[in-house]
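What the coordinates show
What follows is the residue order along each chain.
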Amino acid sequence: MRKILAILLLFLCTAPLRAAYILIPMDEAQTNHLKAYGVAYWVLEHDVEISWLLNYRGGSYLIPHHSSFERECKVRNVSYQVVADVQADAILKEIADPSANMDEMKLQKVPRLAVYAPKNNLPWDDAVTLVLTYAEIPYDVIYDDEVLEGVLPSYDWLHMHHEDFTGQFGKFWARYRNYPWYQEDVRQQQECAERHGFSKVSQLKLAVVKKIREFVAGGGYLFAMCSAPDSFDIALAADGLDICDFMFDGDPIGPNDTKRLNYDNCFAFTGFSVSTNPQEYEVSDIDVTAHRPQSVNKSNDFFLLFDFSAKWDPVPTMLTQSHERLIKGFMGQTTAFDKRFVKPTVVVLGDNEAMGEDRYIHGNFGNGFWTFLGGHDPEDYQHIVGDPPTELDAHHDSAGYRLILNNVLFPAAKKKQQKT
């Protein structure tokens, strides 16, 4: 009888400590921040709800315990802690305290992802596809044909990167017009335009931009980097105008067309001027690259993430989850956005106030959302044409790449998102 009572007492004492949850920390204790996002996505694929603990230890994840989830963390070298339900309750109670700038965000849906990218081989890499592949998060590659055929509504999230929606082929003409990769890219885009009944690539790209705008208005989520954000808005502002010179579309720029831009059409930018110089590797003055001080370099180029109220502003809080607030800057065809040309309704997520640069911005359009991030590759300060891809095993704790992956998980918070 005494043995039975002792066993019962031992059971009662240890029962509350039963493993019930897995905590994936996202602060400095995490061994691989980027792979951790992949684990979170993988758990969602198994129809299991995740608690994204905003501002708790760098934006940690709390998931129901299962041996397969624990095994997956080990396989991917992701740090985790097995916690009892009483410990999980204590964490959630700490987060729920009205005085704490933290919140619990339920991730309930597996977002279906698409990357807008050309199918031909171009001599640069897309940081988003690099990190999605590294984190083992699945995505589809689509381009103009698929967009115009109407596939976008089947996705929750769309990424655009090193793209020129103005129809000027990235303004690469001056430097690369005799290179086979450039000539092939022009040929394929012109053929695509003809295939869809357009006489110019600029008309094709405008039709694509309008489809993407419809996607966002209908509730889709758009994440764009490098030259895609500003060229997207420029294409919308130039609807019905001709801002392309003869070397790009076979005829000169329309009379006064560069002075007739409709900024009301734009998602993020206003009051900007387009570049009409074909020798200039730039589409407008939205980008700050050309007029940054020469003293700015890899050692002193940073931007600061804003702090938001997790309980009152959950959307920007999700997008800025990181174990670091000061982010290393990185260049691109569009490095950062000149504050003078960012609409006052835009939410600035990260900036360099002293230099007048907005680096990371966000807004909504219709029922959907968009986020723009300047720069090309968060771990390659000045990525140029022909550079090899970044080896993310050497940067698995990159705060800059974390910003990209925050955007990937954002659509998973569907129910909470709709309330904001």
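Preceding block: the structure.
Predicted, not measured: the structure shown is a model, and the values here were computed from it.

Let's talk about the side chain of Asp-338
With respect to the element layout, Asp-338 can be found in strand β12 (residues 337–338). Polar contacts involving the side chain of Asp-338 include one to the side chain of His-291, which spans 3.5 Å. A polar contact is formed between the side chain of Asp-338 and the side chain of Arg-340, at a distance of 2.9 Å. Other than its neighbours up to four places away in sequence, Asp-338 contacts Asp-285, Ile-286, Val-288, His-291 and Gly-356.

Brief notes about the environment of Val-348
Within the secondary structure, Val-348 is located in strand β13 (residues 347–352). Owing to a relative accessible area of 18%, Val-348 belongs among the buried residues under this scheme. Through-space distance from the C-alpha of Val-348 to that of Ile-361 is 4.5 Å; in sequence the pair is 13 residues apart. Setting aside residues up to four positions removed in sequence, Val-348 forms contacts with Phe-306, Phe-308, Asp-358, Tyr-360 and Ile-361.

Focus: the packing of helix α9 (residues 201–217) against helix α10 (residues 228–237)
Between two packed helices, what matters for the description is the angle formed by their axes and the separation of those axes. For the pair α9 and α10, interaxial distance at closest approach is 10 Å and the crossing angle is 105 degrees. One element, α9, and the other, α10, form an angle in the roughly perpendicular class. Where α9 abuts α10, its residues Leu-206, Val-209, Ile-212 and Arg-213 lie against Phe-232, Ala-235 and Leu-236. In terms of residue class, the contact of α9 with α10 is made up of six nonpolar, no polar and one charged.

Reading guide: rules and limits
Residues numbered from 1 in each chain as written. Predicted model: local features only at pLDDT ≥ 70, side-chain atom pairs only at ≥ 80, totals over all residues. Heavy atoms only, no water. Helix = DSSP H or I, 4+ residues; strand = E, 2+ residues; numbered from the N terminus. Polar contact = N/O pair within 3.5 Å; in protein donor to acceptor, adjacent residues only side chain to side chain. Contact = heavy atoms within 4.5 Å. Buried < 20%, exposed > 50% of the residue type's maximum accessible area, 1.4 Å probe, protein only. Axes fitted to C-alpha atoms, helices over the stretch in contact; angles between N-to-C directions. Parallel < 35°, antiparallel > 145°, perpendicular 65-115°, else oblique. Nonpolar A, V, L, I, M, F, W, Y, C, P; charged D, E, K, R; others polar.

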